[in-house]
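Fold and contact review
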Amino acid sequence: MLAHSIKRSSCYSFNSTLRTLLKSGNLEKARHHFVQFRDQGFLPDNYTIPSLLKLLHDLHQTLHYRENIHSFAIKNGHLKDIFVTTGFVEMYFGFGYVASSRQLFDETPIKDVVLWTAMVSGFSHNGLGDLSVNFFAQMVGEGVKPNRITLTSVLAACSQLMVPKLGRSVHGFSIRNGIFNPDVVLETAFVDMYAKCGNLTYSTKVFDRMRDRNSVTWNAIITGHANNQFPEPTFRLFREMIYENLREPESSVLASLLQVCGGTSDLRHGREIHGYVTRSCRNMNSDMMVENNALIDMYAKAGDLNSAVLLFENVKNKNLVTWTTMISGYGMHGLGTEAVEAFSAMKKTGITPDGVTFIALLSACSHGRLVDEGLQLYMSMQRDYKIEPEMKHFACMVDIYARSGLLDQAFSFIKKMPVEPSEFIWASLLSSCRTYKNVVLGERATEKALAFNQYNTGVYILLSQLYADSGQWEDFSKVRLVMKDLGLKPTTAQSWVEVERKIYVFAVRDNMNPYSEKMYKLLETLTETMHKEGFVAYRSSGCHDITKEGKEGNLCGHTEKLALAFVLIKSEGHRGVTRIGKNLRVCKDCHVFFKFISKIKDCDIILKDPNRYHHFKRGNCNCCDLW
DNA sequence: GTTCTTAAAA
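Residues numbered from 1 in each chain as written. Chains lettered and ligands numbered in written order. Predicted model: local features only at pLDDT ≥ 70, side-chain atom pairs only at ≥ 80, totals over all residues. Heavy atoms only, no water.

1. Details of the overall build of chain A
Helix and strand counts for chain A come out as 33 helices and six strands. Taken over the C-alpha atoms alone, chain A extends approximately 105 × 55 × 55 Å along its principal axes. Buried positions account for 50% of the 627 residues belonging to chain A. Nonlocal contacts in chain A, meaning residues at least 24 apart in sequence, comprise 63% of its contacts between residues at least 6 apart. Of the roughly 31,500 Å² of accessible surface on chain A, a fraction of 54% belongs to carbon and sulfur atoms. Separation between the mean location of the 73 positive side-chain charges and that of the 64 negative ones in chain A comes to 2 Å. (Helix = DSSP H or I, 4+ residues; strand = E, 2+ residues; numbered from the N terminus. Buried < 20%, exposed > 50% of the residue type's maximum accessible area, 1.4 Å probe, protein only. Contact = heavy atoms within 4.5 Å. Areas by Shrake-Rupley, 256 points an atom, 1.4 Å probe, with all protein chains shown as cover. Lys, Arg positive; Asp, Glu negative; His and termini not counted. Charge placed at Lys NZ, Arg CZ, Asp CG, Glu CD.)

Put into structure tokens, the structure is as follows:
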């Protein structure tokens, strides 16, 4: 009797110490504490088990080890305690064993809010937003009143499913039931949900009304604006954040911002953030891993590969993401060899590549036309690293063959794939068919791609360009007619360039610019000189002939030429690198023109299109005229 | 005496 009560009280104090250690994140001490407890012959009770599961989770212990505890709990009747059950439900969700969690839930006769909430949150964490929402509805139907944590969890599912209506009704529910007492986490979840569903108005409304905001809140509103393509408010919010909080933004906030800079090629803001990162005292207490990786990615995506490489070389602790980012950076700038070399260097440091690394590598090989290397790497990935290829790897392989003109090999690779090829794969094959004017295969690829999505504008455009390039004008017109019938319009071409800290955007037949007249005149003179010097324009090129059809049918608009002319006028005599961006693929005619300008003006031009970067230098482009 | 919560770089 006495011994029993001593054991109980020791168990009690052990449990509370373990909880304290876990809360403060003192993992090693917690582990040591548990080992001592076990070695003294104590057995975990129903209060111990939830904490123990949390400890094992934080220590990344294997599932097997935790299953032993499950058997122990069953044997000792601990599963009668709903706290214990909830712990195991969570554990199985964490390993993706949704069915096990569900079974445990079903076997529990009396369910409380917390167990229900664990289900709602577990489903959404496993990408099963619909089940999460269903369980939420079922719970309310059974008269269990959700708490603020339940609501937060179901909101994650709403964002996942992109159902703002449901999110809104949850919002209403929370207000009606008074669950909205200032709670940063719940409010943040609303900000995030509305932003993810594309409703920035509501998102901002909730955000503005909040009394307390933490870094997650700021990150949610900033990423929300960033992902919805609103760069200006994104940066305004960033400045506000620094001002209001009077403290350092977290790495993730900076990473989101840099992602925006990379996506919009906004080098100016990107450099500003780089400056901020360098000046701030964050370097003292963090390894800057996330910041550095995001910066390297930003520089590469914004077209300044030199700065990306410079930073990369200066980073001392490179992790897998650092290397993969650099490899992908080389790839998008057409430097396949450099990408492969970086990969070898990475292996030498003892870092093991993962599936993402190989996507970056293979895509670098396709843009650098390294067919053999690509194939070698693809085989090595499976043989040496036991990485199962996924759709993205297959797509890269098809592209490696197709981009190099080995269309038949690309096609037979597709036929041998163990899974059904995606829409994207067929569209990319079609794109290469256009480059190499292979009408037969191009038509086949079109058919396959359209079977996925009849309204894929890009596919129709590519097919029409293929016909135009092959001189099949009747077929060209047919495609255009089909597009018209389906109500599909080609994307309007747009180019942009930054001059003297301002970004100028050029649309088709842009006459709004005060320099318009000068620009068109300059283009005329330069084109004349170009022809005299023997630079051949692609007269048969699709976009050139289409231009004759008038404004609506204009696919290219040569907006990149307008941007270039603008730069030439504004920065006469200046010999820097010019960076121009375009929302559509560069047309062949403009490509020749850019090569010519880089030669006669002896300047470097970097042109970004949705596929890759073109580096024009001394009359050449590093894409070797295939892209 | 305890269990369930938001954002996040390739």
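That covers the picture; the talk isn't over yet.
2. Quick notes on unusual backbone geometry
In this structure, Met 162 is a non-glycine residue whose phi angle is positive, near 55°. On the secondary structure map, Met 162 appears in the loop between α9 (148-161) and α10 (164-176). At Arg 369, a residue that is not glycine, the phi angle is positive and equals roughly 50°. With respect to the helices, strands and loops of the structure, Arg 369 is situated in the loop between α22 (355-367) and α23 (371-385). You can call Arg 369 partly exposed: its relative accessible area is 22%.

3. So, the protein's contact with DNA strand B
The environment of DNA strand B is formed by 37 residues, the closest being Asn 15, His 125, Val 185, Asn 219 and Asp 354. The sugar-phosphate share of atoms of DNA strand B within 4 Å of the protein amounts to 36%. For DNA strand B, a base oxygen lies 3.3 Å from a polar atom in the side chain of Thr 117. A class-by-class count of the residues in the surface near DNA strand B yields 13 nonpolar, 15 polar and nine charged. (Near = heavy atom within 4 Å. Polar contact = N/O pair within 3.5 Å; in protein donor to acceptor, adjacent residues only side chain to side chain. Nonpolar A, V, L, I, M, F, W, Y, C, P; charged D, E, K, R; others polar.)

4. Overview of the sheet that holds strand β2 (residues 502-507)
Pairing between sheet strands relies on hydrogen bonds along the backbone, with the strands arranged either parallel or antiparallel. Spatial strand order, β2-β1-β3-β4-β5-β6: six strands in an open sheet with mixed pairing. At either end of the open sheet lies a strand with only one pairing partner, and these are β2 and β6 (620-621). In terms of strand pairing, strand β1 (residues 494-499) meets strand β3 (residues 577-582) through three bridges, oriented antiparallel. Bridging across to β3, Val 497 finds its partner in Ile 580. (Pairing = 2+ DSSP bridges.)

5. Topic: helix α4 (residues 63-75)
In an α-helix, one full turn covers 3.6 residues, which means residues spaced three or four apart are oriented alike. The end-to-end C-alpha distance of α4 is 18 Å, a good match for the 18 Å that 13 residues give at a rise of 1.5 Å each. Every buried residue belonging to α4 is among Leu 63, Arg 66, Ile 69, His 70, Phe 72 and Ala 73, and all of these are buried. Close packing links the buried residues of α4 with α3 (48-58), α5 (82-94) and α6 (98-107). Gly 77 occupies a position one or two residues after α4 and carries a positive phi of about 70°. (Expected span 1.5 Å × (residues − 1).)

6. Focus: the environment of Ala 395
Mapped onto the fold, Ala 395 is located in helix α24 (residues 391-403). You can call Ala 395 buried: its relative accessible area is 9%. Each C-alpha atom of the pair Ala 395 and Phe 312 lies 28 Å from the other, and the pair is 83 residues apart in sequence. Ignoring any residue separated from it by four or fewer positions in sequence, one finds Ala 395 in contact with Phe 424 and Ile 425.

7. Side note on the side chain of Thr 324
Within the element layout of this structure, Thr 324 appears in helix α20 (residues 320-332). A relative accessible area of 9% means that Thr 324 is categorised as buried. Filtering out sequence-adjacent residues up to four positions away, Thr 324 remains in contact with Val 356, Thr 357 and Ala 360.

8. Topic: the layout of surface pockets
Considering only enclosed or pocket space, the second largest pocket measures out at about 990 Å³ in volume. Pro 50, Lys 54, Thr 86, Gly 87 and Glu 90 are the residues nearest the centre of the second largest pocket, which is lined by 30 residues in total. Among the secondary structure elements, those contributing two or more residues to the lining of the second largest pocket are α1 (2-23), α3, α5 and α7 (113-125). Among the elements that make up the lining of the second largest pocket, the one with the highest residue count is α5 (eight residues). Per-class residue counts for the lining of the second largest pocket are twelve nonpolar, eleven polar and seven charged. (1 Å grid on protein atoms, 1.4 Å probe; cavity = no way out; pocket = protein on both sides within 12 Å on 5 of 7 lines; lining within 4 Å. Points joined across faces, edges and corners; volume = space filled by probe spheres on them.)

9. Looking at the pattern of salt bridges
Applying the stated criterion to the full structure yields 15 salt bridges. Of the charged contacts in the structure, one is a salt bridge between Glu 28 and Arg 31, with a shortest N-O distance of 3.2 Å. Taken together, the residues span about one helical turn, with Glu 28 and Arg 31 both in helix α2 (residues 27-39) at a distance of three residues. The residue Lys 301 makes a salt bridge to Asp 297 at a minimum N-O spacing of 3.0 Å. (Salt bridge = Lys/Arg side-chain N within 4 Å of Asp/Glu carboxyl O.)

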